[in-house]
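What the coordinates show
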Amino acid sequence: VFLVAYVLMLLLPVVVFATIILVGHRGECFLTAKEQSILIGVFFVAFFLLLALRAENVGVDLWNYIDKYHKIASSDFSKIWANSANVDVGYGILNKLMSMLGVNDRAFIVLIALFSTFPIAWLYMKESDNWMLTISLFIILPIFSMCFSGLRQALAIAVVPLQFYFAKKKNIIGFLLSVLLAFSFHSTALFMLILYPIYQIRIKNIWLLGLIPFMGV
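The sections below set out a description of the structure shown in this document.

About the cut-offs
- For every chain, the first residue of the written sequence is number 1, and numbering continues from 1 along that sequence.
- With pLDDT at 70 or above as the cut-off, local features in this predicted model cover only qualifying residues; side-chain atom pairs require 80 or more to be listed or tallied, and sums for whole chains, interfaces and linings still use all residues.
- Only hydrogens and water are removed before side-chain values are computed, so all heavy atoms of the structure are retained for them.
- Convention adopted: a line fitted to C-alpha atoms gives each axis, helices being fitted over their contacting stretch, and angles between N-to-C directions are expressed from 0 to 180 degrees.
- Working definition: helices are DSSP H or I runs of at least four residues, strands are E runs of at least two. Numbering for both runs from the N terminus.
- An angle counts as roughly parallel when it lies under 35 degrees, as roughly antiparallel when it exceeds 145, as roughly perpendicular when it falls between 65 and 115, and as oblique in every other case.
- When the near helix sits turned anticlockwise from the far one by under a right angle, the crossing is termed left-handed; a clockwise turn instead gives a right-handed crossing.
- Any two residues whose heavy atoms approach within 4.5 Å are treated as being in contact.
- Gly is placed with the polar residues, together with every amino acid not listed as nonpolar (Ala, Val, Leu, Ile, Met, Phe, Trp, Tyr, Cys and Pro) or charged (Asp, Glu, Lys and Arg).
- Three labels apply to residues, based on accessible area from a 1.4 Å probe with only protein chains included: buried if under 20% of the type maximum, exposed if over 50%, partly exposed otherwise in between.
- Only Phe, Tyr and Trp rings take part, Trp by its six-membered ring, and two of them pair if their centres are within 6.5 Å. Stacked means planes under 30 degrees apart, edge-to-face means over 60, and tilted covers everything else.

1. Structural notes on the packing of helix H5 (residues 89-100) against helix H6 (residues 105-127)
Relative orientation of the contacting elements H5 and H6 amounts to 135 degrees, with a least axis distance of 11 Å. In terms of axis orientation, H5 runs oblique to H6. H6 is crossed by H5, and the crossing has right-handed handedness. Between H5 and H6, the residues in contact are Tyr91, Leu94, Asn95 and Met98 and Phe108, Leu111, Ile112 and Phe115, respectively. Of the residues in the contact of H5 with H6, the class split is seven nonpolar, one polar and no charged.

Take a look at the structure:
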């Protein structure tokens with residue numbers, strides 16, 4: 001079932017693309033910026049559903065994350081700070097807040113999937129001008145698999161769109177604060193500090209967006 005859903009996720013943007021071309025009676029495959037965004041959005045909606053509705057055994061460490069969620073739920077905030085060596089503070093606080101809202105295991109998976117995918121989808125839809133290359137890079141690079149198993153890393157990467165726009169506006173304070181936020185989910189987020197100087201030297205957008213999945217390494 002998961003394999004079928006995976007294949008459908010990959011095929012859905014292609015089907016929508018073909019529909020746009022055929023319904024528009026076009027002789028070429030040129031797409032407007034809005035249509036590019038729609039295709040990227042279609043892919044990420046399918047990807048979100050794949051993550052949200054998967055079985056709890058799909059993802060190497062998913063069981064461990066669920067078990068940790070229950071442990072954090074039964075502790076108080078002071079223990080999260082005291083145990084920061086084993087649980088990243090931002091991730092621990094997020095887990096604790098969800099448990100206080102009565103979030104069960106399935107809702108936990110759904111919410112983490114939403115938090116992990118929506119910001120990246122929004123950035124790609126706003127900035128990418130090549131839907132096929134964008135989706136291809138996303139699938140073949142580490143962030144794709146990270147969303148299934150490395151939940152903390154995926155959440156840290158989801159902060160990148162915020163860093164991207166702070167870098168774009170040359171707001172170094174906001175950029176550093178957003179890196180700190182990502183760091184609270186996973187320590188490897190410090191690697192994202194390179195995003196600011198990279199943006200300032202004006203690397204072409206599509207390659208800068210392609211760099212984002214590498215943050216999952």
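2. Brief notes about helix H8 (residues 142-149)
Within H8, six of the eight residues are buried, which leaves the element mostly enclosed by the surrounding structure. Turning to H8, its buried residues number three or more, namely Ile143, Phe144, Met146, Cys147, Phe148 and Ser149.

3. Structural notes on the packing of aromatic side chains
Scanning all chains against the criterion turns up 17 aromatic pairs. Measuring from ring centre to ring centre gives 4.6 Å for Tyr69 and Phe108, while their planes differ by 25 degrees; the resulting arrangement is stacked. With a gap of 39 residues between them, Tyr69 in helix H3 (residues 62-73) and Phe108 in helix H6 connect regions that are remote in the sequence. Among the residues examined, Tyr69 registers a relative accessible area of 2% and is labelled buried. When the centroid spacing of 5.2 Å and the interplanar angle of 55 degrees are considered together, the rings of Phe175 and Tyr196 count as tilted. Taken as a pair, Phe175 in helix H11 (residues 172-183) and Tyr196 in helix H12 (residues 195-200) lie far apart in primary sequence, 21 residues in all. Relative accessible area serves as the criterion here: at 17%, Tyr196 is assigned to the buried category. Put simply, the rings of Phe43, Phe44, Phe47, Tyr124, Phe138, Phe144 and Phe148 pair up and form one aromatic cluster.

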